[in-house]
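Structural characterization, general
Below are the chains, spelled out letter by letter.
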Amino acid sequence: MRRLTLALIAFSTVILSAQPPQPDWPKIEKETLEHFQTLVRFNTADPPGGERPAAEYLKQVLDANGIPAQILELEDRRSNLLARLKGNGKKRPLLVMGHLDTVSIDEKKWTFPPFGATRDGGYVYGRGTIDDKDNATAALMVLLTLKRLNVPLDRDVIFLAEAGEEGNSRLGIQFMVDQHYPELDAEYCLAEGGNVMRENGKVKFASVQTLEKIPHAVELVARGPSGHASVPLRNNAVAHLAEAVSKAAQWRVPIRFNETTRVYFQRLADISSPEDAKRYRDILSNDPKVSGPADDYMLDREPRHASMIRTSISPTMIQAGYRVNVIPSEVKATLDVRMHPSENPEDFLAALKKVINDPAVEVRWAARDVRPGTGSARLDYEGFKVVEAMVKKDYETVTLPTMSTGATDMAYLRAKGMQCYGIGPGLDVEDGPKGFGAHSDQERILESELYRFVRFNYDVVAELARAR
Ligand SMILES: [Zn+2]
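Residues numbered from 1 in each chain as written. Predicted model: local features only at pLDDT ≥ 70, side-chain atom pairs only at ≥ 80, totals over all residues. Heavy atoms only, no water.

**So, the coordination of the zinc ion**
Reference geometry at the metal: tetrahedral coordination by four donors gives ideal angles of 109.5 degrees; octahedral coordination by six donors gives 90 or 180 degrees. Summarising the metal site, the zinc ion is bound by the protein donors H99 (NE2), D131 (OD), E192 (OE) and E192 (OE), whose distances to it range over 1.9 to 2.6 Å. Around the zinc ion, the 4 donor atoms are arranged such that angles at the metal cover 54 to 150°; this shape is classified as irregular. Within one chain, the residues serving as donors to the zinc ion are arranged as H-x31-D-x60-E. Taken together, the residues D131 in the loop between β5 (123-125) and α4 (133-148) and E192 in the loop between β7 (188-191) and β8 (195-199) connect sequence positions 61 residues apart. Each member of the pair D131 and E192 is classed as buried. (Donors = N, O, S within 2.8 Å, 3.2 Å for Na, K, Ca; no water. Tetrahedral: all angles 85-135°; square planar, octahedral: opposite > 155°, others 65-115°. Helix = DSSP H or I, 4+ residues; strand = E, 2+ residues; numbered from the N terminus. Buried < 20%, exposed > 50% of the residue type's maximum accessible area, 1.4 Å probe, protein only.)

**Describing the sheet that holds strand β15 (residues 361-365)**
Pairing within the open sheet is antiparallel, and its 4 strands lie in the order β12-β14-β10-β15. The sheet is open, and its two edges are formed by β12 (312-319) and β15, each paired on a single side. Across the sheet, the axes of successive neighbouring strands diverge by a mean angle of 25°, strand direction being ignored. Where strand β10 (residues 214-223) lies against β15, 5 bridges are found, and the strand directions are antiparallel. Bridging from a neighbouring strand, V218 pairs with W365 of β15. Along the sheet, helix α11 (residues 345-356) contacts β10, β12, β14 (330-339) and β15; its crossing angle with β15, the most-contacted strand, is approximately 165°. (Pairing = 2+ DSSP bridges. Axes fitted to C-alpha atoms, helices over the stretch in contact; angles between N-to-C directions. Contact = heavy atoms within 4.5 Å.)

**Details of the pattern of salt bridges**
Here the structure, examined in full by the defined rule, presents 43 salt bridges. Between D106 and K108 there is a salt bridge whose closest N-O contact spans 3.1 Å. Assessed through its relative accessible area of 74%, K108 is described here as exposed. Its salt-bridge partner being R198, residue D428 comes within 2.7 Å of it at the nearest N-O pair. Here the residue D428 occupies a position in strand β18 (residues 426-428), and R198 occupies one in strand β8, the gap between them amounting to 230 residues. Accessibility expressed as a relative area gives 12% for D428, which makes it buried. Taken together, the shared-partner salt bridges in this structure form one network comprising E219, R223, E330, K332, E362 and R364. (Salt bridge = Lys/Arg side-chain N within 4 Å of Asp/Glu carboxyl O.)

**A few points about the packing of aromatic side chains**
Under the counting rule described, the total for this entry stands at 13 aromatic pairs. Ring geometry for F257 and F265: centres 6.1 Å apart, planes at 85°, overall edge-to-face. In this structure F257 comes out as buried when scored by relative accessible area, which is 17%. Members of the aromatic cluster, joined through ring pairs, are F112, Y123, Y125 and F436. For the cation-ring pair, R279 lies above Y297, with the distance from its terminal atom to the ring centre recorded as 3.4 Å. Taking the ring centre of F436 as reference, the NZ or CZ of R444 above it sits at 3.6 Å. (Phe/Tyr/Trp six-rings, centres within 6.5 Å; stacked < 30°, edge-to-face > 60°. Lys NZ or Arg CZ within 6 Å of the ring centre and 35° of its normal.)

Written out as C-alpha coordinates, the structure is:
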(Lines give C-alpha, C1' and ligand atoms only; values in the text may rest on other atoms or scores of the structure.)
Protein backbone atom coordinates (compact mmCIF):
# COMPACT_ATOMS: atom_id res chain seq x y z
CA MET A 1 0.00 0.00 0.00
CA ARG A 2 2.73 2.40 1.00
CA ARG A 3 4.67 1.54 -2.14
CA LEU A 4 1.56 2.14 -4.23
CA THR A 5 1.03 5.52 -2.55
CA LEU A 6 4.63 6.49 -3.26
CA ALA A 7 4.26 5.37 -6.83
CA LEU A 8 1.08 7.41 -7.12
CA ILE A 9 2.80 10.45 -5.69
CA ALA A 10 5.71 10.02 -8.08
CA PHE A 11 3.29 9.56 -10.98
CA SER A 12 1.24 12.63 -10.15
CA THR A 13 4.40 14.68 -9.70
CA VAL A 14 5.47 13.74 -13.22
CA ILE A 15 2.06 14.77 -14.55
CA LEU A 16 2.11 18.01 -12.58
CA SER A 17 5.58 19.02 -13.70
CA ALA A 18 4.65 18.38 -17.35
CA GLN A 19 1.76 20.83 -16.89
CA PRO A 20 2.67 24.48 -16.43
CA PRO A 21 1.74 25.68 -12.93
CA GLN A 22 -1.76 27.18 -12.88
CA PRO A 23 -2.34 30.71 -11.61
CA ASP A 24 -4.95 31.34 -8.91
CA TRP A 25 -7.09 33.72 -10.96
CA PRO A 26 -9.55 34.98 -8.30
CA LYS A 27 -6.58 35.97 -6.15
CA ILE A 28 -4.82 37.58 -9.10
CA GLU A 29 -7.95 39.56 -9.96
CA LYS A 30 -8.11 41.04 -6.50
CA GLU A 31 -4.51 42.13 -6.69
CA THR A 32 -4.92 43.37 -10.27
CA LEU A 33 -7.66 45.75 -9.17
CA GLU A 34 -5.52 47.02 -6.32
CA HIS A 35 -2.50 47.85 -8.52
CA PHE A 36 -4.69 49.17 -11.31
CA GLN A 37 -6.57 51.57 -9.05
CA THR A 38 -3.33 52.70 -7.45
CA LEU A 39 -1.78 53.45 -10.85
CA VAL A 40 -4.85 55.33 -12.08
CA ARG A 41 -4.81 57.44 -8.88
CA PHE A 42 -1.36 58.83 -9.71
CA ASN A 43 -1.93 61.96 -11.76
CA THR A 44 0.50 61.42 -14.63
CA ALA A 45 -1.26 63.70 -17.13
CA ASP A 46 1.19 64.76 -19.80
CA PRO A 47 2.08 67.63 -19.78
CA PRO A 48 3.70 67.78 -17.29
CA GLY A 49 3.83 63.96 -17.03
CA GLY A 50 5.53 63.40 -13.71
CA GLU A 51 5.59 59.62 -13.95
CA ARG A 52 8.01 59.18 -11.05
CA PRO A 53 5.57 58.30 -8.22
CA ALA A 54 3.91 55.69 -10.45
CA ALA A 55 7.30 54.26 -11.45
CA GLU A 56 8.41 54.20 -7.82
CA TYR A 57 5.27 52.34 -6.86
CA LEU A 58 5.92 49.70 -9.50
CA LYS A 59 9.54 49.41 -8.43
CA GLN A 60 8.53 48.90 -4.83
CA VAL A 61 6.05 46.15 -5.76
CA LEU A 62 8.57 44.41 -8.02
CA ASP A 63 11.40 44.71 -5.51
CA ALA A 64 9.21 43.28 -2.77
CA ASN A 65 8.62 40.27 -5.00
CA GLY A 66 12.28 39.73 -5.75
CA ILE A 67 12.19 41.12 -9.30
CA PRO A 68 14.98 43.64 -9.79
CA ALA A 69 13.75 46.94 -11.25
CA GLN A 70 15.35 50.27 -12.03
CA ILE A 71 14.12 53.77 -12.78
CA LEU A 72 15.68 55.62 -15.71
CA GLU A 73 15.14 59.29 -16.50
CA LEU A 74 16.29 61.64 -19.20
CA GLU A 75 14.56 64.52 -17.42
CA ASP A 76 13.76 64.95 -13.76
CA ARG A 77 10.59 63.06 -12.67
CA ARG A 78 9.96 61.71 -16.18
CA SER A 79 10.58 58.14 -15.12
CA ASN A 80 10.81 54.96 -17.14
CA LEU A 81 10.71 51.73 -15.20
CA LEU A 82 12.61 48.70 -16.37
CA ALA A 83 12.46 45.26 -14.76
CA ARG A 84 13.68 41.86 -15.81
CA LEU A 85 12.72 38.35 -14.85
CA LYS A 86 15.53 36.02 -15.77
CA GLY A 87 15.14 32.90 -17.86
CA ASN A 88 17.73 30.32 -18.86
CA GLY A 89 18.70 32.30 -21.96
CA LYS A 90 17.87 29.58 -24.49
CA LYS A 91 15.74 32.07 -26.41
CA ARG A 92 15.92 35.84 -26.86
CA PRO A 93 13.88 37.93 -24.38
CA LEU A 94 10.28 39.04 -24.55
CA LEU A 95 9.36 42.62 -23.67
CA VAL A 96 5.99 43.73 -22.24
CA MET A 97 5.24 47.43 -22.18
CA GLY A 98 2.75 50.01 -20.96
CA HIS A 99 3.13 53.77 -20.75
CA LEU A 100 2.68 55.55 -17.44
CA ASP A 101 1.68 59.00 -18.68
CA THR A 102 -1.83 59.91 -19.82
CA VAL A 103 -3.29 62.73 -21.85
CA SER A 104 -4.38 65.74 -19.85
CA ILE A 105 -7.83 66.34 -18.43
CA ASP A 106 -10.51 69.00 -18.20
CA GLU A 107 -11.57 68.32 -14.63
CA LYS A 108 -15.00 69.97 -14.72
CA LYS A 109 -16.15 67.70 -17.53
CA TRP A 110 -15.65 64.52 -15.53
CA THR A 111 -18.60 62.83 -13.84
CA PHE A 112 -16.30 60.70 -11.70
CA PRO A 113 -13.02 62.18 -10.49
CA PRO A 114 -10.42 61.70 -13.27
CA PHE A 115 -7.87 60.19 -10.90
CA GLY A 116 -10.34 58.47 -8.60
CA ALA A 117 -10.43 55.01 -10.20
CA THR A 118 -14.07 54.86 -9.11
CA ARG A 119 -15.84 51.52 -9.49
CA ASP A 120 -19.38 51.85 -10.78
CA GLY A 121 -21.70 49.39 -12.51
CA GLY A 122 -18.95 46.98 -13.42
CA TYR A 123 -16.61 49.66 -14.72
CA VAL A 124 -13.56 51.47 -13.38
CA TYR A 125 -13.53 55.15 -14.37
CA GLY A 126 -10.52 57.38 -14.72
CA ARG A 127 -7.90 58.87 -16.99
CA GLY A 128 -5.64 56.13 -18.28
CA THR A 129 -8.02 53.24 -17.59
CA ILE A 130 -7.80 52.16 -21.23
CA ASP A 131 -4.74 54.20 -22.22
CA ASP A 132 -2.51 52.84 -20.88
CA LYS A 133 -2.60 51.82 -17.25
CA ASP A 134 -4.41 48.66 -18.33
CA ASN A 135 -1.37 47.47 -20.29
CA ALA A 136 1.01 48.58 -17.54
CA THR A 137 -1.00 46.69 -14.91
CA ALA A 138 -1.25 43.58 -17.09
CA ALA A 139 2.52 43.59 -17.65
CA LEU A 140 3.11 43.93 -13.91
CA MET A 141 0.76 41.05 -13.11
CA VAL A 142 2.43 38.85 -15.71
CA LEU A 143 5.84 39.29 -14.10
CA LEU A 144 4.52 38.83 -10.57
CA THR A 145 2.61 35.69 -11.52
CA LEU A 146 5.50 34.08 -13.41
CA LYS A 147 7.79 34.83 -10.49
CA ARG A 148 5.48 33.54 -7.76
CA LEU A 149 4.69 30.34 -9.63
CA ASN A 150 8.36 29.95 -10.25
CA VAL A 151 7.68 29.18 -13.90
CA PRO A 152 10.91 27.97 -15.55
CA LEU A 153 11.63 30.29 -18.49
CA ASP A 154 13.51 29.78 -21.73
CA ARG A 155 13.82 33.53 -22.14
CA ASP A 156 14.00 36.65 -19.99
CA VAL A 157 10.75 38.56 -19.60
CA ILE A 158 11.35 42.31 -19.54
CA PHE A 159 8.86 44.92 -18.34
CA LEU A 160 9.15 48.49 -19.55
CA ALA A 161 6.77 51.16 -18.26
CA GLU A 162 7.55 54.20 -20.36
CA ALA A 163 7.27 57.91 -19.79
CA GLY A 164 6.13 60.47 -22.32
CA GLU A 165 4.19 58.36 -24.80
CA GLU A 166 1.55 61.06 -25.19
CA GLY A 167 3.62 63.53 -27.17
CA ASN A 168 7.01 63.37 -25.44
CA SER A 169 8.45 60.11 -26.65
CA ARG A 170 11.97 61.50 -26.59
CA LEU A 171 11.74 61.14 -22.77
CA GLY A 172 10.38 57.63 -23.04
CA ILE A 173 10.83 55.13 -25.83
CA GLN A 174 13.36 57.22 -27.79
CA PHE A 175 15.53 57.68 -24.73
CA MET A 176 15.28 54.01 -23.85
CA VAL A 177 16.12 52.88 -27.38
CA ASP A 178 18.97 55.40 -27.80
CA GLN A 179 20.61 54.93 -24.43
CA HIS A 180 19.47 51.61 -22.98
CA TYR A 181 18.78 49.38 -25.93
CA PRO A 182 20.85 46.41 -24.75
CA GLU A 183 18.61 46.25 -21.67
CA LEU A 184 15.46 46.13 -23.83
CA ASP A 185 16.62 44.06 -26.73
CA ALA A 186 14.14 41.26 -27.33
CA GLU A 187 12.70 39.03 -29.97
CA TYR A 188 9.14 40.03 -29.12
CA CYS A 189 7.27 42.91 -27.63
CA LEU A 190 3.69 43.35 -26.49
CA ALA A 191 2.31 46.87 -26.15
CA GLU A 192 -0.85 48.94 -26.57
CA GLY A 193 -2.29 49.36 -30.04
CA GLY A 194 -4.96 46.69 -30.38
CA ASN A 195 -8.20 45.77 -28.67
CA VAL A 196 -10.94 43.21 -28.54
CA MET A 197 -14.05 44.61 -30.16
CA ARG A 198 -17.36 43.92 -28.46
CA GLU A 199 -20.76 44.78 -29.89
CA ASN A 200 -23.95 44.49 -27.85
CA GLY A 201 -21.80 42.98 -25.12
CA LYS A 202 -20.56 40.20 -27.40
CA VAL A 203 -16.99 39.78 -28.58
CA LYS A 204 -16.76 40.28 -32.36
CA PHE A 205 -13.03 40.08 -33.07
CA ALA A 206 -9.62 40.91 -31.67
CA SER A 207 -7.56 43.50 -33.45
CA VAL A 208 -3.81 42.94 -33.05
CA GLN A 209 -1.65 45.69 -34.43
CA THR A 210 1.23 44.35 -36.51
CA LEU A 211 2.39 47.50 -38.25
CA GLU A 212 1.58 51.15 -38.54
CA LYS A 213 1.63 54.05 -40.94
CA ILE A 214 4.47 56.52 -40.77
CA PRO A 215 3.68 60.14 -39.92
CA HIS A 216 5.10 62.85 -42.14
CA ALA A 217 4.25 66.50 -42.66
CA VAL A 218 4.09 68.42 -45.92
CA GLU A 219 3.96 72.19 -46.28
CA LEU A 220 2.39 74.06 -49.13
CA VAL A 221 3.77 77.56 -49.50
CA ALA A 222 2.05 79.91 -51.95
CA ARG A 223 3.70 83.14 -53.00
CA GLY A 224 2.47 86.16 -54.94
CA PRO A 225 2.64 89.93 -54.99
CA SER A 226 1.31 91.75 -51.94
CA GLY A 227 -0.89 94.74 -52.39
CA HIS A 228 -3.98 96.71 -51.44
CA ALA A 229 -6.89 94.36 -51.19
CA SER A 230 -9.16 96.88 -52.93
CA VAL A 231 -7.39 95.91 -56.15
CA PRO A 232 -7.80 92.13 -56.60
CA LEU A 233 -4.90 90.29 -58.17
CA ARG A 234 -5.15 87.18 -60.30
CA ASN A 235 -2.05 85.73 -58.57
CA ASN A 236 -3.35 86.25 -55.03
CA ALA A 237 -1.34 83.81 -52.85
CA VAL A 238 -4.31 83.01 -50.58
CA ALA A 239 -6.39 81.90 -53.56
CA HIS A 240 -3.56 79.73 -54.88
CA LEU A 241 -3.07 78.15 -51.50
CA ALA A 242 -6.78 77.45 -51.07
CA GLU A 243 -6.90 75.69 -54.42
CA ALA A 244 -3.77 73.68 -53.66
CA VAL A 245 -5.13 72.57 -50.27
CA SER A 246 -8.38 71.54 -51.84
CA LYS A 247 -6.64 69.52 -54.58
CA ALA A 248 -4.44 67.75 -52.04
CA ALA A 249 -7.41 66.87 -49.82
CA GLN A 250 -9.48 65.55 -52.69
CA TRP A 251 -6.70 63.58 -54.34
CA ARG A 252 -7.57 59.92 -54.31
CA VAL A 253 -4.14 58.55 -53.52
CA PRO A 254 -3.68 55.11 -55.19
CA ILE A 255 -4.60 52.06 -53.09
CA ARG A 256 -1.91 49.77 -51.69
CA PHE A 257 -2.01 46.58 -49.69
CA ASN A 258 0.37 44.56 -47.64
CA GLU A 259 0.19 41.24 -45.83
CA THR A 260 -1.51 42.74 -42.76
CA THR A 261 -4.18 44.74 -44.54
CA ARG A 262 -4.94 41.95 -47.00
CA VAL A 263 -5.52 39.42 -44.21
CA TYR A 264 -7.40 42.08 -42.22
CA PHE A 265 -10.00 42.64 -44.93
CA GLN A 266 -10.27 38.93 -45.74
CA ARG A 267 -10.98 38.02 -42.12
CA LEU A 268 -13.24 41.02 -41.59
CA ALA A 269 -15.25 39.87 -44.60
CA ASP A 270 -15.60 36.43 -43.03
CA ILE A 271 -17.39 37.85 -39.98
CA SER A 272 -19.40 40.63 -41.63
CA SER A 273 -22.91 40.91 -43.05
CA PRO A 274 -23.14 39.88 -46.73
CA GLU A 275 -23.13 43.45 -48.07
CA ASP A 276 -20.21 44.58 -45.91
CA ALA A 277 -18.37 41.36 -46.73
CA LYS A 278 -18.74 42.02 -50.44
CA ARG A 279 -17.15 45.46 -50.05
CA TYR A 280 -14.26 44.10 -47.99
CA ARG A 281 -13.59 41.51 -50.70
CA ASP A 282 -14.09 44.02 -53.53
CA ILE A 283 -11.58 46.44 -52.09
CA LEU A 284 -8.91 43.74 -52.49
CA SER A 285 -9.57 43.42 -56.22
CA ASN A 286 -6.94 44.60 -58.70
CA ASP A 287 -9.73 45.72 -60.99
CA PRO A 288 -10.54 49.37 -60.29
CA LYS A 289 -14.09 48.78 -61.54
CA VAL A 290 -14.55 46.39 -58.60
CA SER A 291 -12.50 48.17 -55.94
CA GLY A 292 -13.64 51.70 -56.92
CA PRO A 293 -17.20 51.56 -55.52
CA ALA A 294 -15.94 49.91 -52.33
CA ASP A 295 -13.35 52.67 -52.00
CA ASP A 296 -16.04 55.34 -52.57
CA TYR A 297 -18.06 53.85 -49.75
CA MET A 298 -15.09 53.74 -47.40
CA LEU A 299 -14.06 57.31 -48.17
CA ASP A 300 -17.60 58.40 -47.24
CA ARG A 301 -18.54 55.99 -44.48
CA GLU A 302 -15.46 54.18 -43.18
CA PRO A 303 -12.67 56.76 -43.27
CA ARG A 304 -10.36 54.67 -41.11
CA HIS A 305 -10.51 51.86 -43.66
CA ALA A 306 -9.96 54.32 -46.50
CA SER A 307 -6.82 55.51 -44.70
CA MET A 308 -5.59 51.96 -44.09
CA ILE A 309 -5.31 51.30 -47.80
CA ARG A 310 -3.32 54.31 -48.91
CA THR A 311 -1.04 57.15 -47.89
CA SER A 312 -3.46 59.67 -46.46
CA ILE A 313 -3.55 63.45 -46.44
CA SER A 314 -5.35 65.67 -43.93
CA PRO A 315 -4.89 69.45 -44.21
CA THR A 316 -4.64 70.65 -40.61
CA MET A 317 -3.19 74.17 -40.44
CA ILE A 318 -3.29 77.30 -42.55
CA GLN A 319 -1.32 80.43 -41.82
CA ALA A 320 -2.31 83.29 -44.07
CA GLY A 321 -2.61 87.05 -43.85
CA TYR A 322 -2.75 89.56 -41.03
CA ARG A 323 -5.18 92.32 -42.07
CA VAL A 324 -8.39 92.42 -44.02
CA ASN A 325 -7.10 95.01 -46.49
CA VAL A 326 -3.65 93.56 -47.21
CA ILE A 327 -3.01 90.84 -49.78
CA PRO A 328 -0.21 88.79 -48.19
CA SER A 329 2.78 87.77 -50.28
CA GLU A 330 3.39 84.39 -48.66
CA VAL A 331 0.96 81.96 -47.07
CA LYS A 332 1.34 78.43 -45.84
CA ALA A 333 -0.68 75.28 -45.19
CA THR A 334 0.39 72.11 -43.42
CA LEU A 335 -0.77 68.64 -44.36
CA ASP A 336 -0.69 65.71 -41.99
CA VAL A 337 0.49 62.84 -44.18
CA ARG A 338 0.37 59.23 -42.96
CA MET A 339 2.62 57.30 -45.27
CA HIS A 340 1.72 53.77 -46.21
CA PRO A 341 4.73 51.64 -45.20
CA SER A 342 5.32 50.52 -48.79
CA GLU A 343 5.18 54.03 -50.25
CA ASN A 344 8.38 55.73 -51.36
CA PRO A 345 8.24 59.19 -49.75
CA GLU A 346 10.05 61.01 -52.58
CA ASP A 347 7.81 59.44 -55.23
CA PHE A 348 4.81 60.44 -53.15
CA LEU A 349 5.97 64.07 -52.90
CA ALA A 350 6.61 64.19 -56.64
CA ALA A 351 3.11 62.84 -57.31
CA LEU A 352 1.58 65.38 -54.93
CA LYS A 353 3.38 68.20 -56.79
CA LYS A 354 1.84 66.96 -60.04
CA VAL A 355 -1.61 66.90 -58.47
CA ILE A 356 -1.26 70.47 -57.25
CA ASN A 357 0.41 71.53 -60.48
CA ASP A 358 0.85 75.20 -59.64
CA PRO A 359 4.23 76.95 -60.01
CA ALA A 360 3.10 79.54 -57.43
CA VAL A 361 2.89 76.82 -54.78
CA GLU A 362 5.96 75.17 -53.33
CA VAL A 363 5.40 71.64 -52.01
CA ARG A 364 7.96 70.51 -49.44
CA TRP A 365 8.53 68.35 -46.38
CA ALA A 366 7.98 70.03 -43.03
CA ALA A 367 9.81 69.16 -39.84
CA ARG A 368 8.16 66.43 -37.84
CA ASP A 369 9.18 63.98 -35.19
CA VAL A 370 9.38 61.24 -37.83
CA ARG A 371 9.42 57.74 -36.45
CA PRO A 372 11.92 55.35 -37.87
CA GLY A 373 11.60 52.58 -40.39
CA THR A 374 8.84 50.39 -41.63
CA GLY A 375 9.33 47.19 -39.67
CA SER A 376 6.29 44.98 -39.33
CA ALA A 377 5.38 41.87 -37.39
CA ARG A 378 5.26 38.81 -39.62
CA LEU A 379 2.07 36.80 -39.59
CA ASP A 380 3.86 33.51 -40.28
CA TYR A 381 6.00 33.87 -37.16
CA GLU A 382 5.60 31.77 -33.99
CA GLY A 383 4.68 34.81 -31.89
CA PHE A 384 1.73 35.85 -34.01
CA LYS A 385 0.44 32.28 -34.04
CA VAL A 386 0.61 32.16 -30.25
CA VAL A 387 -1.24 35.49 -29.98
CA GLU A 388 -3.95 34.14 -32.28
CA ALA A 389 -4.21 30.90 -30.29
CA MET A 390 -4.56 32.76 -26.99
CA VAL A 391 -7.16 35.13 -28.48
CA LYS A 392 -9.09 32.00 -29.37
CA LYS A 393 -8.59 30.51 -25.88
CA ASP A 394 -9.46 33.61 -23.83
CA TYR A 395 -11.93 35.38 -26.13
CA GLU A 396 -13.18 32.60 -28.42
CA THR A 397 -12.82 34.86 -31.42
CA VAL A 398 -10.78 35.54 -34.53
CA THR A 399 -7.69 37.76 -34.68
CA LEU A 400 -7.54 40.53 -37.26
CA PRO A 401 -3.97 41.69 -37.87
CA THR A 402 -4.24 45.45 -38.10
CA MET A 403 -2.21 48.31 -39.51
CA SER A 404 -2.91 51.36 -37.39
CA THR A 405 -3.29 54.70 -39.07
CA GLY A 406 -1.72 56.38 -36.04
CA ALA A 407 1.79 55.90 -34.71
CA THR A 408 2.90 54.08 -31.56
CA ASP A 409 6.07 53.51 -29.57
CA MET A 410 6.40 50.11 -31.23
CA ALA A 411 7.74 51.81 -34.38
CA TYR A 412 11.08 52.36 -32.62
CA LEU A 413 11.32 48.70 -31.69
CA ARG A 414 10.16 47.31 -35.01
CA ALA A 415 12.82 49.43 -36.66
CA LYS A 416 15.30 47.30 -34.69
CA GLY A 417 13.70 44.13 -36.03
CA MET A 418 11.59 43.28 -32.98
CA GLN A 419 8.34 41.39 -33.57
CA CYS A 420 5.81 43.64 -31.83
CA TYR A 421 2.11 43.06 -31.28
CA GLY A 422 -0.27 45.84 -30.30
CA ILE A 423 -2.93 44.41 -28.01
CA GLY A 424 -5.64 45.75 -25.73
CA PRO A 425 -8.62 44.79 -23.58
CA GLY A 426 -12.19 44.17 -24.65
CA LEU A 427 -14.01 47.42 -25.42
CA ASP A 428 -17.62 48.05 -26.38
CA VAL A 429 -17.87 49.55 -29.83
CA GLU A 430 -20.78 51.64 -28.47
CA ASP A 431 -18.55 53.24 -25.81
CA GLY A 432 -16.52 55.51 -28.12
CA PRO A 433 -19.43 57.46 -29.63
CA LYS A 434 -21.05 57.68 -26.18
CA GLY A 435 -17.97 59.48 -24.89
CA PHE A 436 -16.36 56.74 -22.79
CA GLY A 437 -13.37 56.05 -25.05
CA ALA A 438 -9.66 56.66 -24.69
CA HIS A 439 -8.81 60.36 -24.23
CA SER A 440 -12.49 61.10 -23.45
CA ASP A 441 -13.84 62.79 -20.34
CA GLN A 442 -15.30 59.56 -18.97
CA GLU A 443 -12.62 57.05 -19.86
CA ARG A 444 -13.51 53.68 -18.43
CA ILE A 445 -12.82 49.97 -18.58
CA LEU A 446 -15.02 46.99 -17.83
CA GLU A 447 -13.56 45.38 -14.74
CA SER A 448 -14.21 41.90 -16.11
CA GLU A 449 -12.37 42.80 -19.33
CA LEU A 450 -9.40 44.10 -17.36
CA TYR A 451 -9.12 40.71 -15.67
CA ARG A 452 -9.53 38.83 -18.92
CA PHE A 453 -6.83 41.03 -20.46
CA VAL A 454 -4.41 40.17 -17.64
CA ARG A 455 -5.13 36.51 -18.25
CA PHE A 456 -4.60 36.89 -22.00
CA ASN A 457 -1.28 38.68 -21.43
CA TYR A 458 -0.19 35.95 -19.07
CA ASP A 459 -1.21 33.20 -21.49
CA VAL A 460 0.72 34.76 -24.39
CA VAL A 461 3.85 35.42 -22.35
CA ALA A 462 3.82 32.08 -20.57
CA GLU A 463 3.33 30.21 -23.85
CA LEU A 464 6.20 32.04 -25.55
CA ALA A 465 8.58 32.09 -22.60
CA ARG A 466 8.14 29.01 -20.44
CA ALA A 467 10.80 26.35 -20.64
CA ARG A 468 10.13 23.36 -22.90
ZN1 LIG B 1 -1.53 55.10 -25.20
